[in-house]
Amino acid sequence: FLLDISASMYRFNGFDQRLERLLETALLIMESFEGMEHKYSYSLVGHSGDGPRIPLVNFGQAPRNRKERIDVLKRMHAHSQFCSSGD
């Protein structure tokens with residue numbers, strides 16, 4: 001899954017909660033595969049002004065618990081806050 005974690009997501013979140021919705025979607029994806037790691041493998045990759053491929057979750061390394069999922073969301077939020085705009 002490719003996720004937009006660019007600076008504009010952080011900047012305009014106050015207007016339309018786009019970053020919050022993205023974080024909720026990422027959490028939904030991670031939780032929907034919980035317990036199915038033996039059957040499915042997935043990765044989450046972000047893109048922003050800092051680069052076209054920012055690895056968030058690698059294949060075969062899905063977050064195993066709530067803390068690991070929260071850590072992924074925190075990384076996404078922090079990246080969108082401090083990355084280049086890409087303009």
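Note that the structure is predicted; figures quoted are calculated from it, not measured. (Residues numbered from 1 in each chain as written. Predicted model: local features only at pLDDT ≥ 70, side-chain atom pairs only at ≥ 80, totals over all residues. Heavy atoms only, no water.)

Q: Break down the overall build of the chain for me, with residues and values.
A: Tallying secondary structure elements over the chain gives 4 helices and 3 strands in all. Here the C-alpha atoms of the chain give a radius of gyration of 13 Å, agreeing with the 12 Å that 2.2 N^0.38 yields for 87 residues. Dimensions of the chain along its principal axes, counting C-alpha atoms only, are 40 × 25 × 20 Å. By the burial criterion, 37% of the 87 residues in the chain qualify as buried. A sequence separation of at least 24 residues applies to 57% of the contacts in the chain between residues at least 6 apart. If you sum the accessible surface of the chain, you get close to 5600 Å²; carbon and sulfur atoms cover 53% of it. (Helix = DSSP H or I, 4+ residues; strand = E, 2+ residues; numbered from the N terminus. Rg over C-alpha atoms; globule rule 2.2 N^0.38 Å. Buried < 20%, exposed > 50% of the residue type's maximum accessible area, 1.4 Å probe, protein only. Contact = heavy atoms within 4.5 Å. Areas by Shrake-Rupley, 256 points an atom, 1.4 Å probe, with all protein chains shown as cover.)

Q: Explain the pairing of strand β2 (residues 44-48) to me, using residue names and the numbers behind them.
A: Most of β2 sits out of view: 4 of its 5 residues are buried. Bridge count for strand β1 (residues 2-4) against β2 is 3 bridges, and the pairing is parallel. Pairing of L2 across the sheet is with V45, part of β2. Looking at chain direction, β2 and strand β3 (residues 51-57) are connected through 4 bridges and run antiparallel. Bridged to V45 within β3 is P55. (Pairing = 2+ DSSP bridges.)

Q: Break down the packing of helix α3 (residues 18-32) against helix α4 (residues 66-82) for me, citing the residues and quoting the values.
A: Contact geometry of α3 with α4 gives a least axis separation of 10 Å together with a crossing angle of 150°. What the angle tells us is that α3 and α4 run roughly antiparallel. Every pair of crossing elements has a handedness; the one defined by α3 and α4 is right-handed. Facing L19, L22, L23, A26, L27, M30 and E31 of α3, the residues of α4 in contact are R69, V72, L73, M76, H77 and S80. A per-class count over the contact of α3 with α4 returns 9 nonpolar, 2 polar and 2 charged. (Axes fitted to C-alpha atoms, helices over the stretch in contact; angles between N-to-C directions. Parallel < 35°, antiparallel > 145°, perpendicular 65-115°, else oblique. Left-handed = near helix turned anticlockwise from the far one by under 90°. Nonpolar A, V, L, I, M, F, W, Y, C, P; charged D, E, K, R; others polar.)

Q: Now, about the pattern of salt bridges: what can you tell me, with residues and values included?
A: Within the structure shown, the criterion is met by 4 salt bridges. Between E34 and R69 there is a salt bridge, with the nearest N and O atoms lying 3.8 Å from each other. Pair noted here: E34 is in the loop between α3 and β2 and R69 is in helix α4, with a separation of 35 residues, a long-range link. For E68, the salt bridge identified is with R64, shortest N-O distance 3.0 Å. (Salt bridge = Lys/Arg side-chain N within 4 Å of Asp/Glu carboxyl O.)

Q: Any details on the side chain of S43? Residues and values, ideally.
A: Within the secondary structure layout, S43 lies in the loop between α3 and β2. Not counting residues within four places of it along the chain, the set of residues in contact with S43 comprises F1, V57, N58 and F59.

In short, shape yes, function no, at least from these values alone.
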